[in-house]
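Architecture at a glance
This is what each chain is made of:
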Amino acid sequence: MSELTLLLIRLAFLALLWFFVIAAVGVIRTDLFGPRTAPAPARKPAKAPKPVSKPKRGEPRQMVVTGGPLQGTVINLTETPITIGRATDATLVLTDDYASSRHARLFPQDGQWIVEDLGSTNGTYLDRSKVTRPTPVPLGVPIRIGKTVIELRK
Amino acid sequence: MTAKRRGAQLAMLAFAVLIVMGAYASVGLGIDGQIPAGMLTYGLGLGALMLAAYLVLAKWAPWADPLLLPLVTLVNGIGLVMIYRIEQTGQDGASATTQLMWTALGVVMFSATLIVLKDHRALQRLTYTAGFAGLALLLLPLLPFIGREINGARIWVGVGRFSIQPSEFAKILLVVFFAGYLVAKRDVLALAGRRLLFIDLPRARDLGPVLITWAVSLGVLVMQKDLGSSLLLFGAFIAMLYVATQRTSWVLIGILLFVGGAVLAGQVFSHVEARFDGWLNASSPEMYDREFGSTYQLMQGLFAIGSGGILGTGLGQGHPRQIPLSFSDFIFSATGEELGLTGLMAILMVYALIVERGLRTSLAARDPFSKLLAGGLSFILAWQVFIIVGGVTRLIPLTGLVTPFMSAGGSALLANWMLIALLVRMSDAARKPPPQAIQDEGLTQVMQR
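Described in the following lines is the structure provided in the data block. (Residues numbered from 1 in each chain as written. Chains lettered and ligands numbered in written order. Predicted model: local features only at pLDDT ≥ 70, side-chain atom pairs only at ≥ 80, totals over all residues.)

**Section: the overall build of chain B**
On a plain count of helices and strands, chain B comes out with 16 helices and seven strands. Each of the 449 residues in chain B was classed as buried or not, and the buried ones make up 52%. Taking the contacts inside chain B whose residues are at least 6 apart along the sequence as the reference set, 68% of them involve residues at least 24 apart. (Helix = DSSP H or I, 4+ residues; strand = E, 2+ residues; numbered from the N terminus. Buried ≥ 20, exposed ≤ 12 C-beta atoms within 10 Å, placed from the backbone. Contact = placed C-beta atoms within 7 Å.)

Laid out in structure tokens, this is it:
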């Protein structure tokens, strides 16, 4: 085995090692920068766009927790309703003495997201006003549940 | 977030096994110019093991993070190759076959944890049980008859020829305990207290748990002569306390307590003092030549890393035999000689990515217990790498911790595979899409899980 071959093997192995690291970063790239397009519609080209669920401009895509112990949590919005409360089967589980076990629900309707209080003890607030009946949630307006603050974002 | 990325996972797994086989071939070519006979059996053995782990993961945790398993496979494989390589030099105690067997047991533990533990939140109910079990395991080596002292540290439990290191398992149980405890108590720890200058001081009576952990970790340091576990335990507690309460004062209090305790212990107990001496004056001739507690091993490790330089000597062409115990505590130095700075950085990047996936899981988790548990487990992995790499590169005093997944040693390998299984379980729960409502009228919903 000549010196040169061994040198080449050595360099090739180090390159392979780094290539693995770069490939691994490539796999999580979407985690770091977010998907470029919405994943579901991108699969099927726009042959028959669904009339109802077409993501319109200005429609929220994410629910972000902006305050409280769970700050930083992001939940992607789909067609399914989101429940919030202390119950372990809630979509967003709070450990907050001021939250009820089934505190509030967010659900989509006609391209809007609606917040509904599920009879909680301490109430749900949209901006400053208490939610007494299902109310549409505009983008970026804080929903307050106990110590937790939630916003819808694009 | 919603994609399973199973294909990417399988491809990365195959890539990792390929790199490991390449490393075997490279070792053989470096030593005697031939591809070693064991390459196929070792490579295929590792490949088969990881395929089994992958299948278990695909069945029982389909939404799990796609990168954790391939990344761990790579470091475990590089460790196997290095141990095989050191075995070739004839150093006593290095055995690649034993390590491969332990890896197999590790994969069995990984699978068992995933299959048995369907929902990691069940662990929250076992908070105090885990705490007591962890403490018991930690203190087990102090018992007469079964406790053993090997190389100056009393951290082994043995029956006959078989011996294990219970502190490796204790660390996982204690992180479970810390997570459960802090979920219950964090409001008290975070909110009550007075503000002094720019930090919030906690109330005196809330200091209790911190003081107890401090005392236990110092006890480990003094009685078992195990600086590594002591540092690991206390660091994990302080980090999780910080994550739970977001208060800097706890970190400051923790660091002050530990440094104070360690300095005090250094003055009172000779073996702790020797460690500090060896760290500060490692290159002095008296320390290097001393019969007991010499820095010979540390300095040989540093020379090895130095002679590796930027690109290393190449696999199979270094002199790992010059470092005592190069297959366990000093595997990082031996690897550094043969792969150089470039290779070490790549390996550290792989560790960093494992930890990043763990912290990402913690961010994505939907309940506080999972957040703290995932954060704590990732932290102890990172902290362990820091302590041992810092030790062999003389950044901090050398401690006898293993390099996770690389060093020879069964207990650590099993415990770390269980740790990864827990992270996989939690990432599965965090990435799974929320349950679908079948019927959506009124207040009661029927959910499809």
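**Some points on the interface of chain B and chain A**
Contacts between the two partners involve 43 residues from chain B and, on the opposite side, 31 residues from chain A. Mapped onto the side of chain B that touches chain A, the elements with two or more residues apiece are α1 (6-32), α3 (68-88), α14 (331-364) and β6 (436-439) of chain B. The element best represented in the side of chain B that touches chain A is α1 of chain B, accounting for 10 residues. Among the residues forming the side of chain B that touches chain A, the class breakdown is 27 nonpolar, 10 polar and six charged. (Nonpolar A, V, L, I, M, F, W, Y, C, P; charged D, E, K, R; others polar.)

**Here's the deal with the pairing of strand β11 (residues 148-153) of chain A**
All names here are of chain A. What you see with β11 is a clean split: T148, I150 and L152 sit on the buried side and V149, E151 and R153 on the side with no burial. Bridge count between strand β1 (residues 62-67) and β11: five bridges; the pairing is antiparallel. By the bridge assignment, Q62 is partnered in β11 with R153. When strand β10 (residues 143-145) meets β11, the two strands line up antiparallel, connected through three bridges. Residue pairing in the sheet places R144 in a bridge with V149 of β11. Adjacent in sequence and paired antiparallel, β10 and β11 are bridged by two residues, among which G146 carries a positive phi angle near 60 degrees. (Pairing = 2+ DSSP bridges.)

**Quick word on the sheet that holds β10 of chain A**
Backbone hydrogen bonds are what pair the strands of a sheet, in a parallel or an antiparallel way. All names here are of chain A. The antiparallel open sheet is built from six strands, whose spatial order is β2-β1-β11-β10-β7-β8. Every other strand in the sheet has two partners, leaving β2 (74-76) and β8 (129-130) as the edge strands with one partner each. One ladder, built from two bridges, connects strand β7 (residues 125-126) with β10; its direction is antiparallel. Counted as the bridge partner of L126 is I143 from β10.

**What about the pairing of strand β5 (residues 104-109) of chain A?**
All names here are of chain A. In the sheet, strand β3 (residues 82-85) pairs with β5 via three bridges, with the strands oriented antiparallel. Bridging from a neighbouring strand, I82 pairs with L106 of β5. By the bridge criterion, six bridges tie β5 to strand β6 (residues 112-117) in an arrangement that is antiparallel. From the neighbouring strand, P108 faces β6, where its bridge partner is W113.

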